[in-house]
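A look at the structure
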Amino acid sequence: MISYTLRRLLGMIPLLILISIVVFSLAKLMPGDPFSGEIDPNNTSVEYIEEMRENLGYNDPIPVQYQRWVTNLAQGDLGKSTTYKKPVMDVILERLPNTIFLAITSLIITYILAFTLGMYSGRKPYTLGDNVIATFNYGGIAIPQYIIAIVAIYFFSFKLGWFPSNGSITPGLEQGTWEFWMDRIHHVVLPAMTLGLFSTASYTQFLRNDIVQNSQMDYVRSARARGTSESAIYNKHILRNSIIPLVTFFGFDLATLIGGAIITETIFTYPGIGMLFINAIDTRDYAVVMSLTLLFSFLTLFGNLIADLLYGVVDPRIRY
Amino acid sequence: MEPTVQTNIKKQQKFDSTWTIARKKFMKRKLAMISLGFLLFIIFVSFIAPYVTSDDVTRIDMQNINQEPSSEHWLGTDRNGRDVFTRTLYGGRVSLTIGLTSMFFVTLIGSTVGSIAGYYGGWVDNLLMRFTDFILTLPFMVFVIVLNAILIGMGKVTGMWSLIIVFSLLGWGGVARIVRGKILSEKENEYVLAARSIGCRPSQTIIKHLLPNVMTTIIVQATLLLAAYIVAEAGLSFIGIGVPVEIPSWGNMLMEARQTDVLQNKPWIWVPPAVCITLTILSINFVGEGLKDAFDPKTTK
């Protein structure tokens, strides 16, 4: 296991280098200055740009520039945001907790719902309840997230007034108090639900099918023959087997959450890194765009790694 | 003796091809047939829109802004006084064009890479597949947004084509991987050896002999891709970085719903595109599922 982990980590190094080269090349294709953020892309005066380019070493050979960029990156210097006039690192760190909070809430909701619905459906397949859940799942998988989001805002925020439609916190609340945290949770529930709906639907359906399949197995029959109660069979024997593939989804979820967070955060104007990314594209704040692209790519790579590793942890039959 | 032989021949002549079997199986599925009908209808209506509607979709008419649905404007007008019904039709044109064209290019690139990797094997396979793996590790949405911004920044292509190019460049990984797997198992068959031994060039073997046998898989994949790109286009336009706002697309029209007032009080502006996207995606999915079952030799119905 440890040697496999090490091998996987080593195998990631070329990918990391390749990704950094791709991001660097993309940044070179962008107008203005995506690295240090010192050149304002909205100031189009030729002399200004030329002077800044010379000062910042943009006329150096490409490999030298790449090396300088990677060195800065390793030292945590991602350049300066032209919009916020602050180091990119600070801007991202400011928003990152919001996104992590959203992602974790979304995961918790996803897992609770998927387990409850999936276990119910799997235990009583082909009943009315199962069919209703299956229809819900089909909708959750097929209907695009943003449409679900605006319909959710329309009904839950405007018609029913249960949840706020934007932001992450009501202004003016004192940080750290009970009301502060309740308000944050209140703000995060709706975006988290829409963000997690796709995963919820696919997990539920997966768990249901797996339980139905497992309940035909010989070990279930012998458990029944021994007189084990139905609930013990489903909750202990079958669930343990059905849970294995589900756990590995967690890693891939990171990638889904990233893609989803960009759109969901923008719709709910939730101040996380997804919305920061879109705003940075709009305001041509390329230093931020490039740093976030790199961050998103690394997170995806990391997610795949976790998925692979978890596979070995939860399923003792797998040997490396 | 003779009559039995003749009936045998007759029976053999009646044997259906894969495509006939699939078509018959597909026709029996009501949901898939209804969806296919709806899909063809939507495509047809969207593409004849310029010839049957008289309204100008880009003209701003300040006297008729935000009107509720009436006999003159079937679905009302938006905040620039443009007819929502006409715009929905035009929007369908743009969204479907992007979806269909991207699907075509992605399938083309994916099948080419996949079949070359699968057919030649060895270092070619290794090289192409590592590259495919790399493309697949990149977060799709993020790179689509960045590349799209770069392409539009260069100013050589319009929003619609830059999206098609970006989707085609980043989306082919999945198809390539699936086609390669299929070709790998398919090329072990004797007909491939026969084709090679009578002197077919590799390109001929792949195009004439191997691809028809993996075509069913490719078609099912292509259907799913069509849905994925329509969703992606509308999503990107919805958050304001896809097709430019002057051109109506379903995503662009949905963008109006980001204004609280429109979302809350003027549902006729955002409901039509939302319904169109949802129904289109659902019917593409139903058709895809129907095709999958129809092509599957294990299902009998």
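Everything numeric here is computed off the predicted structure, so don't read it as measured data. (Residues numbered from 1 in each chain as written. Chains lettered and ligands numbered in written order. Predicted model: local features only at pLDDT ≥ 70, side-chain atom pairs only at ≥ 80, totals over all residues. Heavy atoms only, no water.)

1. Considering the interface of chain B and chain A
Interface size is commonly expressed as the accessible area that is lost once the parts come together. Contacts between the two partners involve 37 residues from chain B and, on the opposite side, 38 residues from chain A. Roughly 3,200 Å² is buried in total at the junction of chain B and chain A, and carbon and sulfur atoms are behind 84% of that figure. Considering only the surface of chain B that becomes buried against chain A, B:Phe134, B:Thr137 and B:Ile239 emerge as the three largest contributors, covering 16% of it. Where chain B packs against chain A, one counts zero salt bridges. (Contact = heavy atoms within 4.5 Å. Buried area = accessible area lost by both parts, 1.4 Å probe. Salt bridge = Lys/Arg side-chain N within 4 Å of Asp/Glu carboxyl O.)

2. Section: the packing of aromatic side chains
The tally for this structure, following the rule as stated, stands at 18 aromatic pairs over all chains. When the ring of A:Tyr66 is compared with that of A:Trp69, the centres are 6.2 Å apart and the planes differ by 50 degrees; the resulting orientation is tilted. Taken together, the residues span about one helical turn, with A:Tyr66 and A:Trp69 both in helix α3 (residues 62-74) at a distance of three residues. With centroids separated by 5.3 Å and ring planes inclined at 90 degrees, the aromatic side chains of B:Tyr119 and B:Tyr120 adopt a geometry described as edge-to-face. Among the residues examined, B:Tyr119 registers a relative accessible area of 9% and is labelled buried. (Phe/Tyr/Trp six-rings, centres within 6.5 Å; stacked < 30°, edge-to-face > 60°. Helix = DSSP H or I, 4+ residues; strand = E, 2+ residues; numbered from the N terminus. Buried < 20%, exposed > 50% of the residue type's maximum accessible area, 1.4 Å probe, protein only.)

3. Focus on unusual backbone geometry
Residues and elements named next belong to chain A. Non-glycine residue Tyr126 carries a positive phi angle of around 60 degrees. Within the fold, Tyr126 resides in the loop between α4 (88-123) and α5 (128-142). Note on Tyr126: relative accessible area 65%, which makes it exposed. Its identity is not glycine, yet Arg284 carries a phi of approximately 55 degrees, on the positive side. By secondary structure assignment, the location of Arg284 is in the loop between α10 (273-282) and α11 (286-314). Overall, Arg284 belongs to the partly exposed group, its relative accessible area being 34%.

4. Comments concerning the environment of A:Thr266
For A:Thr266, the position within the fold is in helix α9 (residues 230-267). Sequence separation between A:Thr266 and A:Leu113 is 153 residues, and the spatial gap between their C-alpha atoms is 25 Å. Setting aside anything within four residues of it in sequence, one finds A:Thr266 in contact with A:Ala261, A:Met275, A:Ile278, B:Ile239 and B:Arg258. From its side chain, A:Thr266 meets the backbone oxygen of A:Ile262 in a polar contact 2.5 Å long. (Polar contact = N/O pair within 3.5 Å; in protein donor to acceptor, adjacent residues only side chain to side chain.)

5. Observations concerning the UniProt feature "transmembrane region" (unreviewed entry) in chain A
Per the UniProt record, "transmembrane region" (unreviewed entry) is annotated on residues 9-27, 99-120, 132-156, 188-207, 243-268 and 288-314 of chain A. As annotated, residues 243-268 of chain A comprises 96% helix and 0% strand, and the C-alpha atoms at either end are separated by 33 Å. (UniProt positions renumbered as here; feature names shortened; annotations may be inferred.)

6. Describing α5(A)
With 15 residues, α5(A) extends 21 Å between its outermost C-alpha atoms, agreeing within 8% with the 21 Å of an ideal straight helix rising 1.5 Å per residue. Three or more residues of α5(A) are buried, namely A:Asp130, A:Ile133, A:Asn137, A:Gly139, A:Gly140 and A:Ala142. Next to the buried residues of α5(A) lie α4 and α7 (178-214) of chain A together with α13 (267-295) of chain B. (Expected span 1.5 Å × (residues − 1).)

7. Quick look at the environment of B:Leu236
Along the chain, B:Leu236 turns up in helix α10 (residues 202-238). Setting aside residues up to four positions removed in sequence, B:Leu236 forms contacts with B:Met141, B:Val144, B:Ile145, B:Leu163, B:Phe167, B:Ile241 and B:Gly242.

8. So, the UniProt feature "transmembrane region" (unreviewed entry) in chain B
Residues and elements named next belong to chain B. Residues given the UniProt feature "transmembrane region" (unreviewed entry) here are residues 31-52, 98-122, 134-154, 160-179, 218-247 and 267-288. A helix fraction of 95% and a strand fraction of 0% characterise residues 160-179, whose end C-alpha atoms lie 28 Å from each other. The distance from the first to the last C-alpha atom of residues 218-247 is 32 Å, and the span holds 70% helix and 0% strand.

9. Notes on the pattern of salt bridges
Residue and element names in this part refer to chain A. Counted according to the given criterion, the structure contains nine salt bridges over all chains. Residue Glu94 is joined to Lys86 by a salt bridge in which the shortest nitrogen-to-oxygen separation is 2.8 Å. Residue Lys86 is classed as partly exposed on the basis of its relative accessible area, which comes to 28%. Among the salt bridges present, the one from Asp218 reaches Arg221, with a minimum N-O distance of 3.2 Å. Here Asp218 pairs with Arg221, and both are found in helix α8 (residues 218-225), just three residues apart, close to one helical turn. The exposure classification of Asp218 matches that of Arg221, with both residues exposed.

10. A closer look at the environment of A:Met290
Tracing the backbone through its elements, the reader meets A:Met290 in helix α11. Looking at A:Met290, the relative accessible area reads 3%, which means it is buried.

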